[in-house]
Amino acid sequence: VQMLDAPLLTAIAAGPADAFARLLIGVSRAGEGLGGSYAAAAPPLGAMILYYALFFWWFSEGRAVLLRSGRKRAAAFVCCAMMLASCLLPCLFGLSDSFLPWSRPRRDVVFADVGQGDAIHVSCGGVNLLVDGGGNYLKNVGEETLLPYLLKNGVAGLELAVVTHPDMDHAKGIAELSQVFPIRCIAFPAVCEGDPAATEGYRAERFVFLKRGDVLDLGEASFTVLAPFGDEEAGGTSDARNGSCIAGMLEYQGLRVLLTADMTAETEQRLLAEDGPDDLRADVLKAAHHGSAYSSTEAFVRAVSPDLAVISCGRGNVYGHPADRVLRLFEAEGVQVFRTDELGAVSLTREKDSSLRITNADGTVKRIIEMQ
(Lines give C-alpha, C1' and ligand atoms only; values in the text may rest on other atoms or scores of the structure.)
Protein backbone atom coordinates (compact mmCIF):
# COMPACT_ATOMS: atom_id res chain seq x y z
CA VAL A 1 0.00 0.00 0.00
CA GLN A 2 1.48 3.34 -1.04
CA MET A 3 1.32 6.00 1.70
CA LEU A 4 0.02 9.45 0.81
CA ASP A 5 2.75 12.11 0.93
CA ALA A 6 2.58 15.19 3.16
CA PRO A 7 1.66 17.76 0.44
CA LEU A 8 -1.29 15.67 -0.67
CA LEU A 9 -2.51 15.22 2.92
CA THR A 10 -2.22 18.99 3.45
CA ALA A 11 -4.26 19.67 0.33
CA ILE A 12 -6.97 17.22 1.43
CA ALA A 13 -7.16 18.81 4.89
CA ALA A 14 -7.18 22.38 3.60
CA GLY A 15 -10.76 22.26 2.33
CA PRO A 16 -12.42 21.07 5.58
CA ALA A 17 -10.22 23.41 7.67
CA ASP A 18 -11.18 26.40 5.55
CA ALA A 19 -14.86 25.48 5.75
CA PHE A 20 -14.67 25.12 9.53
CA ALA A 21 -12.95 28.52 9.88
CA ARG A 22 -15.62 30.15 7.71
CA LEU A 23 -18.31 28.53 9.85
CA LEU A 24 -16.79 29.96 13.05
CA ILE A 25 -16.55 33.42 11.50
CA GLY A 26 -20.16 33.21 10.34
CA VAL A 27 -21.40 32.17 13.78
CA SER A 28 -19.40 35.00 15.37
CA ARG A 29 -20.86 37.59 13.01
CA ALA A 30 -24.36 36.27 13.52
CA GLY A 31 -23.95 36.52 17.27
CA GLU A 32 -22.61 40.04 16.95
CA GLY A 33 -25.61 41.04 14.83
CA LEU A 34 -27.98 39.62 17.43
CA GLY A 35 -26.26 41.44 20.27
CA GLY A 36 -24.80 38.24 21.63
CA SER A 37 -21.15 39.27 21.61
CA TYR A 38 -19.27 41.19 24.24
CA ALA A 39 -15.73 42.30 24.99
CA ALA A 40 -14.09 40.47 27.87
CA ALA A 41 -11.14 41.61 29.95
CA ALA A 42 -7.91 39.79 29.14
CA PRO A 43 -6.81 37.23 31.75
CA PRO A 44 -3.47 37.76 33.54
CA LEU A 45 -0.37 36.44 31.79
CA GLY A 46 0.33 33.88 34.53
CA ALA A 47 -3.17 32.46 34.23
CA MET A 48 -2.80 32.19 30.44
CA ILE A 49 0.54 30.34 30.78
CA LEU A 50 -0.99 27.95 33.28
CA TYR A 51 -4.11 27.32 31.19
CA TYR A 52 -2.38 26.63 27.88
CA ALA A 53 0.43 24.61 29.45
CA LEU A 54 -1.99 22.30 31.27
CA PHE A 55 -4.34 22.16 28.27
CA PHE A 56 -1.68 20.92 25.84
CA TRP A 57 -0.11 18.69 28.49
CA TRP A 58 -3.45 17.01 29.22
CA PHE A 59 -3.98 16.09 25.56
CA SER A 60 -0.32 15.35 24.79
CA GLU A 61 1.08 11.96 23.90
CA GLY A 62 3.85 12.41 26.47
CA ARG A 63 1.37 12.49 29.32
CA ALA A 64 -0.36 9.36 28.03
CA VAL A 65 2.97 7.53 27.69
CA LEU A 66 4.03 8.43 31.25
CA LEU A 67 0.74 7.29 32.74
CA ARG A 68 0.63 4.05 30.75
CA SER A 69 4.16 3.21 31.86
CA GLY A 70 3.22 3.86 35.48
CA ARG A 71 5.45 6.92 35.83
CA LYS A 72 2.90 8.98 37.72
CA ARG A 73 5.51 10.85 39.70
CA ALA A 74 7.14 12.11 36.50
CA ALA A 75 3.74 13.27 35.21
CA ALA A 76 3.05 15.06 38.50
CA PHE A 77 6.49 16.68 38.33
CA VAL A 78 5.76 18.10 34.87
CA CYS A 79 2.44 19.52 36.11
CA CYS A 80 4.15 21.13 39.09
CA ALA A 81 6.85 22.59 36.82
CA MET A 82 4.17 24.17 34.64
CA MET A 83 2.42 25.66 37.66
CA LEU A 84 5.73 27.00 38.96
CA ALA A 85 6.53 28.57 35.58
CA SER A 86 3.16 30.34 35.49
CA CYS A 87 3.99 31.90 38.88
CA LEU A 88 7.66 32.74 38.35
CA LEU A 89 8.00 33.86 34.74
CA PRO A 90 5.64 36.90 34.71
CA CYS A 91 7.10 38.23 37.96
CA LEU A 92 10.75 37.61 36.99
CA PHE A 93 10.27 39.52 33.72
CA GLY A 94 8.50 42.42 35.45
CA LEU A 95 5.10 41.59 33.97
CA SER A 96 3.46 40.98 37.35
CA ASP A 97 3.84 42.33 40.88
CA SER A 98 3.23 38.97 42.55
CA PHE A 99 4.10 35.30 42.21
CA LEU A 100 0.41 34.41 42.05
CA PRO A 101 -0.62 33.43 38.50
CA TRP A 102 -3.78 35.57 38.61
CA SER A 103 -1.93 38.77 39.54
CA ARG A 104 -1.30 41.71 37.20
CA PRO A 105 1.25 44.53 37.10
CA ARG A 106 -0.16 47.28 39.31
CA ARG A 107 -0.36 50.87 38.09
CA ASP A 108 -2.18 53.30 40.34
CA VAL A 109 -2.46 56.24 37.94
CA VAL A 110 -1.92 56.08 34.18
CA PHE A 111 -1.81 59.15 31.96
CA ALA A 112 -2.79 57.42 28.73
CA ASP A 113 -1.47 58.48 25.35
CA VAL A 114 -4.54 59.60 23.39
CA GLY A 115 -2.75 62.16 21.24
CA GLN A 116 -3.82 65.76 21.77
CA GLY A 117 -6.07 65.32 24.79
CA ASP A 118 -6.36 64.04 28.34
CA ALA A 119 -7.21 60.52 29.55
CA ILE A 120 -6.25 59.52 33.08
CA HIS A 121 -6.99 56.05 34.43
CA VAL A 122 -7.04 55.74 38.23
CA SER A 123 -7.15 52.22 39.69
CA CYS A 124 -6.24 52.76 43.33
CA GLY A 125 -7.61 50.14 45.69
CA GLY A 126 -9.54 48.22 43.04
CA VAL A 127 -11.82 51.13 42.02
CA ASN A 128 -11.51 52.12 38.36
CA LEU A 129 -11.99 55.78 37.47
CA LEU A 130 -11.37 57.49 34.14
CA VAL A 131 -10.82 61.25 34.12
CA ASP A 132 -11.45 62.43 30.54
CA GLY A 133 -11.07 60.22 27.50
CA GLY A 134 -9.43 62.21 24.75
CA GLY A 135 -11.15 62.66 21.40
CA ASN A 136 -10.40 63.16 17.74
CA TYR A 137 -12.37 64.12 14.62
CA LEU A 138 -10.72 61.38 12.58
CA LYS A 139 -10.67 58.53 15.09
CA ASN A 140 -12.96 56.73 17.51
CA VAL A 141 -10.61 57.04 20.50
CA GLY A 142 -13.06 55.38 22.89
CA GLU A 143 -13.37 52.17 20.88
CA GLU A 144 -9.94 52.05 19.22
CA THR A 145 -7.71 53.21 22.09
CA LEU A 146 -9.45 53.26 25.48
CA LEU A 147 -11.38 49.99 25.11
CA PRO A 148 -8.32 47.84 24.18
CA TYR A 149 -6.27 49.51 26.91
CA LEU A 150 -8.86 48.81 29.62
CA LEU A 151 -9.52 45.22 28.52
CA LYS A 152 -5.81 44.44 28.28
CA ASN A 153 -5.37 45.64 31.85
CA GLY A 154 -8.20 43.46 33.16
CA VAL A 155 -10.80 46.23 33.58
CA ALA A 156 -14.30 44.90 32.85
CA GLY A 157 -16.15 48.12 33.76
CA LEU A 158 -15.70 51.60 35.19
CA GLU A 159 -17.25 52.72 38.46
CA LEU A 160 -16.92 56.35 37.40
CA ALA A 161 -15.90 58.46 34.42
CA VAL A 162 -15.36 62.20 34.80
CA VAL A 163 -15.92 64.57 31.89
CA THR A 164 -14.01 67.61 33.13
CA HIS A 165 -15.56 69.83 30.42
CA PRO A 166 -17.22 69.39 27.02
CA ASP A 167 -14.18 70.08 24.78
CA MET A 168 -13.78 67.29 22.23
CA ASP A 169 -10.24 66.31 23.29
CA HIS A 170 -11.54 65.51 26.78
CA ALA A 171 -15.15 64.41 26.33
CA LYS A 172 -15.56 62.64 23.00
CA GLY A 173 -13.59 59.55 23.98
CA ILE A 174 -15.77 58.94 27.05
CA ALA A 175 -18.95 59.32 24.99
CA GLU A 176 -17.61 56.76 22.50
CA LEU A 177 -16.41 54.40 25.21
CA SER A 178 -19.76 54.52 27.01
CA GLN A 179 -21.46 53.01 23.94
CA VAL A 180 -19.36 49.83 24.05
CA PHE A 181 -18.19 49.54 27.66
CA PRO A 182 -20.10 49.51 30.97
CA ILE A 183 -19.77 52.73 32.98
CA ARG A 184 -21.74 52.95 36.21
CA CYS A 185 -21.65 56.74 36.63
CA ILE A 186 -20.51 59.71 34.55
CA ALA A 187 -19.74 63.04 36.22
CA PHE A 188 -19.92 66.47 34.59
CA PRO A 189 -19.11 69.99 35.85
CA ALA A 190 -21.91 71.68 37.80
CA VAL A 191 -22.45 74.23 35.03
CA CYS A 192 -23.88 71.42 32.86
CA GLU A 193 -26.66 70.55 35.33
CA GLY A 194 -30.10 71.15 33.89
CA ASP A 195 -28.83 71.09 30.30
CA PRO A 196 -30.09 67.91 28.54
CA ALA A 197 -27.65 68.48 25.68
CA ALA A 198 -24.70 68.10 28.09
CA THR A 199 -25.37 64.38 28.64
CA GLU A 200 -26.50 63.59 25.10
CA GLY A 201 -24.48 60.79 23.54
CA TYR A 202 -23.38 59.26 26.86
CA ARG A 203 -24.59 55.95 28.33
CA ALA A 204 -24.38 55.22 32.05
CA GLU A 205 -26.55 54.10 34.94
CA ARG A 206 -26.62 57.67 36.26
CA PHE A 207 -25.17 61.14 35.78
CA VAL A 208 -23.87 63.46 38.52
CA PHE A 209 -22.67 67.07 38.47
CA LEU A 210 -19.66 68.13 40.51
CA LYS A 211 -18.55 71.40 42.07
CA ARG A 212 -16.01 72.58 44.63
CA GLY A 213 -16.22 70.73 47.94
CA ASP A 214 -17.54 67.44 46.55
CA VAL A 215 -15.49 64.40 47.55
CA LEU A 216 -15.47 61.15 45.57
CA ASP A 217 -14.85 58.04 47.66
CA LEU A 218 -12.64 55.67 45.61
CA GLY A 219 -12.12 52.99 48.22
CA GLU A 220 -8.54 53.42 49.41
CA ALA A 221 -8.29 56.71 47.49
CA SER A 222 -10.30 59.92 47.32
CA PHE A 223 -10.78 62.76 44.86
CA THR A 224 -11.59 66.20 46.28
CA VAL A 225 -13.10 68.63 43.78
CA LEU A 226 -11.39 72.05 43.93
CA ALA A 227 -13.11 73.56 40.88
CA PRO A 228 -15.52 74.60 39.46
CA PHE A 229 -16.77 76.86 42.22
CA GLY A 230 -20.41 76.51 41.22
CA ASP A 231 -21.03 80.13 40.30
CA GLU A 232 -19.57 79.98 36.78
CA GLU A 233 -21.83 80.79 33.86
CA ALA A 234 -22.38 78.32 31.06
CA GLY A 235 -20.92 79.44 27.76
CA GLY A 236 -20.17 78.16 24.31
CA THR A 237 -16.67 79.62 24.04
CA SER A 238 -13.57 77.56 24.72
CA ASP A 239 -12.47 79.97 27.47
CA ALA A 240 -15.81 79.61 29.23
CA ARG A 241 -15.65 75.82 29.11
CA ASN A 242 -12.07 75.80 30.37
CA GLY A 243 -12.97 78.21 33.16
CA SER A 244 -15.68 75.89 34.48
CA CYS A 245 -13.84 72.57 34.14
CA ILE A 246 -13.46 70.03 36.95
CA ALA A 247 -10.12 70.06 38.78
CA GLY A 248 -9.26 68.26 41.98
CA MET A 249 -6.83 66.49 44.26
CA LEU A 250 -6.41 62.72 44.08
CA GLU A 251 -5.04 61.25 47.33
CA TYR A 252 -3.86 57.66 47.76
CA GLN A 253 -1.67 56.34 50.60
CA GLY A 254 -0.03 59.72 51.12
CA LEU A 255 0.41 60.38 47.40
CA ARG A 256 -1.20 63.62 46.19
CA VAL A 257 -1.88 64.16 42.47
CA LEU A 258 -3.40 67.46 41.34
CA LEU A 259 -5.51 66.98 38.20
CA THR A 260 -6.17 70.30 36.48
CA ALA A 261 -7.86 69.49 33.14
CA ASP A 262 -7.78 72.73 31.05
CA MET A 263 -7.85 75.04 34.05
CA THR A 264 -7.17 78.69 33.20
CA ALA A 265 -4.80 81.17 34.85
CA GLU A 266 -7.85 82.93 36.30
CA THR A 267 -8.99 79.75 38.03
CA GLU A 268 -5.46 79.19 39.34
CA GLN A 269 -5.50 82.69 40.87
CA ARG A 270 -8.88 82.02 42.46
CA LEU A 271 -7.62 78.77 43.97
CA LEU A 272 -4.60 80.58 45.38
CA ALA A 273 -6.94 83.09 47.02
CA GLU A 274 -9.29 80.43 48.41
CA ASP A 275 -6.88 77.65 49.45
CA GLY A 276 -3.83 77.55 51.66
CA PRO A 277 -0.49 75.96 50.72
CA ASP A 278 -1.43 72.68 52.43
CA ASP A 279 -4.55 72.35 50.25
CA LEU A 280 -2.72 72.80 46.94
CA ARG A 281 0.57 71.05 47.75
CA ALA A 282 0.94 67.95 45.58
CA ASP A 283 3.58 65.39 44.69
CA VAL A 284 2.44 65.26 41.07
CA LEU A 285 0.92 68.03 38.94
CA LYS A 286 -0.95 67.30 35.75
CA ALA A 287 -0.01 70.46 33.84
CA ALA A 288 -3.15 72.39 32.94
CA HIS A 289 -4.32 72.67 29.34
CA HIS A 290 -1.60 70.39 27.94
CA GLY A 291 1.14 72.78 29.06
CA SER A 292 -0.46 75.84 27.45
CA ALA A 293 1.13 79.25 27.95
CA TYR A 294 -2.21 80.47 29.34
CA SER A 295 -2.02 78.24 32.43
CA SER A 296 0.64 77.04 34.90
CA THR A 297 1.40 80.45 36.34
CA GLU A 298 4.55 80.86 38.39
CA ALA A 299 2.69 81.55 41.65
CA PHE A 300 0.48 78.49 41.19
CA VAL A 301 3.33 76.10 40.37
CA ARG A 302 5.27 77.34 43.38
CA ALA A 303 2.26 76.85 45.65
CA VAL A 304 1.74 73.28 44.39
CA SER A 305 5.50 72.62 44.60
CA PRO A 306 5.35 69.27 42.80
CA ASP A 307 8.21 66.79 42.48
CA LEU A 308 7.15 66.02 38.93
CA ALA A 309 4.72 67.26 36.30
CA VAL A 310 2.95 65.27 33.58
CA ILE A 311 2.04 66.98 30.32
CA SER A 312 -0.52 65.20 28.14
CA CYS A 313 -0.29 66.42 24.55
CA GLY A 314 -0.09 65.12 21.00
CA ARG A 315 3.07 64.70 18.95
CA GLY A 316 3.66 67.67 16.67
CA ASN A 317 0.37 69.31 17.68
CA VAL A 318 -0.56 72.59 15.95
CA TYR A 319 -1.14 74.41 19.27
CA GLY A 320 2.51 74.54 20.27
CA HIS A 321 1.91 72.53 23.45
CA PRO A 322 3.75 72.48 25.72
CA ALA A 323 4.77 76.15 25.73
CA ASP A 324 8.44 77.01 26.18
CA ARG A 325 7.53 79.34 29.06
CA VAL A 326 5.96 76.48 30.98
CA LEU A 327 8.89 74.13 30.35
CA ARG A 328 11.35 76.79 31.50
CA LEU A 329 9.26 77.43 34.62
CA PHE A 330 9.25 73.73 35.57
CA GLU A 331 13.00 73.55 34.99
CA ALA A 332 13.61 76.62 37.14
CA GLU A 333 11.49 75.17 39.95
CA GLY A 334 13.30 71.82 39.82
CA VAL A 335 10.22 69.94 38.58
CA GLN A 336 10.94 66.93 36.36
CA VAL A 337 8.61 66.79 33.35
CA PHE A 338 7.12 63.65 31.77
CA ARG A 339 5.35 64.11 28.43
CA THR A 340 3.01 61.67 26.72
CA ASP A 341 4.09 62.94 23.28
CA GLU A 342 7.62 61.75 24.07
CA LEU A 343 7.11 58.73 26.35
CA GLY A 344 3.66 57.47 25.43
CA ALA A 345 1.62 56.54 28.49
CA VAL A 346 3.07 57.64 31.83
CA SER A 347 2.18 55.55 34.89
CA LEU A 348 2.60 56.16 38.61
CA THR A 349 2.79 53.30 41.11
CA ARG A 350 3.01 53.60 44.89
CA GLU A 351 5.47 50.95 46.09
CA LYS A 352 5.38 49.05 49.39
CA ASP A 353 8.41 51.00 50.63
CA SER A 354 6.42 54.25 50.05
CA SER A 355 8.48 55.23 47.00
CA LEU A 356 6.84 56.30 43.74
CA ARG A 357 7.73 54.45 40.55
CA ILE A 358 7.27 56.26 37.23
CA THR A 359 7.27 54.16 34.06
CA ASN A 360 6.60 54.87 30.40
CA ALA A 361 4.50 53.00 27.83
CA ASP A 362 6.87 50.03 27.41
CA GLY A 363 7.28 49.57 31.17
CA THR A 364 10.73 51.14 31.40
CA VAL A 365 11.29 52.70 34.81
CA LYS A 366 12.03 56.38 34.24
CA ARG A 367 12.39 57.46 37.85
CA ILE A 368 11.84 56.32 41.43
CA ILE A 369 11.03 59.02 43.98
CA GLU A 370 11.57 58.40 47.66
CA MET A 371 8.52 59.77 49.46
CA GLN A 372 7.81 60.47 53.11
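Before going into details, it helps to say that this report is about the structure given with it. (Residues numbered from 1 in each chain as written. Predicted model: local features only at pLDDT ≥ 70, side-chain atom pairs only at ≥ 80, totals over all residues. Heavy atoms only, no water.)

**Some points on the layout of surface pockets**
Moving on, step 1. Put simply, the second largest pocket is a space of about 390 Å³.
Moving on, step 2. Together, 19 residues line the second largest pocket, and Gln116, Asp169, His290, Tyr319 and His321 are the ones closest to its centre.
Moving on, step 3. Residue assignment for the lining of the second largest pocket shows that the elements contributing at least two residues are helix H6 (168-178) and helix H7 (238-243).
Moving on, step 4. Grouping the amino acids of the lining of the second largest pocket by side-chain chemistry returns six nonpolar, nine polar and four charged. (1 Å grid on protein atoms, 1.4 Å probe; cavity = no way out; pocket = protein on both sides within 12 Å on 5 of 7 lines; lining within 4 Å. Points joined across faces, edges and corners; volume = space filled by probe spheres on them. Helix = DSSP H or I, 4+ residues; strand = E, 2+ residues; numbered from the N terminus. Nonpolar A, V, L, I, M, F, W, Y, C, P; charged D, E, K, R; others polar.)

**Concerning the state of the cysteines**
Moving on, step 1. A full pass over the atoms with the stated rule returns zero disulfides.
Moving on, step 2. In this structure Cys80 is not part of a disulfide, and its nearest cysteine sulfur, from Cys79, lies 6.9 Å away. (Disulfide = S-S within 2.5 Å.)

**Let's talk about the environment of Glu143**
Moving on, step 1. Structurally, Glu143 is set in helix H5 (residues 141-152).
Moving on, step 2. Taking relative accessible area as the criterion, Glu143 reaches 40% and is therefore assigned partly exposed.
Moving on, step 3. C-alpha separation for the pair Glu143 and Val180, spaced 37 residues apart in sequence, amounts to 7.2 Å.
Moving on, step 4. Apart from the residues within four sequence positions on either side, Glu143 is in contact with Pro148 and Val180. (Buried < 20%, exposed > 50% of the residue type's maximum accessible area, 1.4 Å probe, protein only. Contact = heavy atoms within 4.5 Å.)

**Observations regarding the side chain of Asp283**
Moving on, step 1. Considering the arrangement of structural elements, one finds Asp283 in the loop between helix H9 (277-280) and strand S11 (284-286).
Moving on, step 2. Of the side chains with opposite charge, Arg281 comes closest to the buried, unpaired Asp283, at an N-O distance of 4.3 Å.
Moving on, step 3. Looking at Asp283, its side chain comes within polar contact range of the main-chain nitrogen of Arg256, at 2.8 Å. (Lys, Arg positive; Asp, Glu negative; His and termini not counted. Salt bridge = Lys/Arg side-chain N within 4 Å of Asp/Glu carboxyl O. Polar contact = N/O pair within 3.5 Å; in protein donor to acceptor, adjacent residues only side chain to side chain.)

**Concerning the packing of helix H2 (residues 45-58) against helix H4 (residues 72-92)**
Moving on, step 1. Interhelical geometry of H2 versus H4 gives an angle of 160° and a closest axis separation of 8 Å. In terms of their interaxial angle, H2 and H4 are classed as roughly antiparallel. Our pair here, H2 against H4, has a crossing hand that is right-handed. Across the interface between the two elements, Leu45, Gly46, Ile49, Leu50, Ala53, Leu54 and Trp57 of H2 pack against Ala75, Val78, Cys79, Met82, Met83, Ser86 and Pro90 of H4.
Moving on, step 2. When its residues are assigned to classes, the contact of H2 with H4 shows 12 nonpolar, two polar and no charged. (Axes fitted to C-alpha atoms, helices over the stretch in contact; angles between N-to-C directions. Parallel < 35°, antiparallel > 145°, perpendicular 65-115°, else oblique. Left-handed = near helix turned anticlockwise from the far one by under 90°.)

**Details of the packing of aromatic side chains**
Moving on, step 1. Considering all chains together, one arrives at eight aromatic pairs under this definition.
Moving on, step 2. Between Tyr51 and Phe55 the ring centres are 6.0 Å apart and the planes differ by 25°, which places this aromatic pair in the stacked class. Linking Tyr51 with Phe55, this pair stays in helix H2, spanning four residues, or about one helical turn.
Moving on, step 3. Overall, the relative accessible area of 36% leaves Phe55 in the partly exposed class.
Moving on, step 4. Measuring from ring centre to ring centre gives 6.5 Å for Tyr52 and Phe56, while their planes differ by 25°; the resulting arrangement is stacked. Within this pair, Tyr52 and its partner Phe56 are both found in helix H2, separated by four residues, close to a single helical turn.
Moving on, step 5. Given a relative accessible area of 44%, Tyr52 falls into the partly exposed group.
Moving on, step 6. In this structure an aromatic cluster arises from ring pairing among Tyr51, Tyr52, Phe55, Phe56 and Phe59.
Moving on, step 7. Directly above the aromatic system of Trp58 lies the positively charged group of Arg63, at a separation of 3.8 Å from the ring centroid.
Moving on, step 8. The cationic tip of Arg270 hangs over the ring face of Phe229; the distance from NZ or CZ to the ring centre is 3.9 Å. (Phe/Tyr/Trp six-rings, centres within 6.5 Å; stacked < 30°, edge-to-face > 60°. Lys NZ or Arg CZ within 6 Å of the ring centre and 35° of its normal.)

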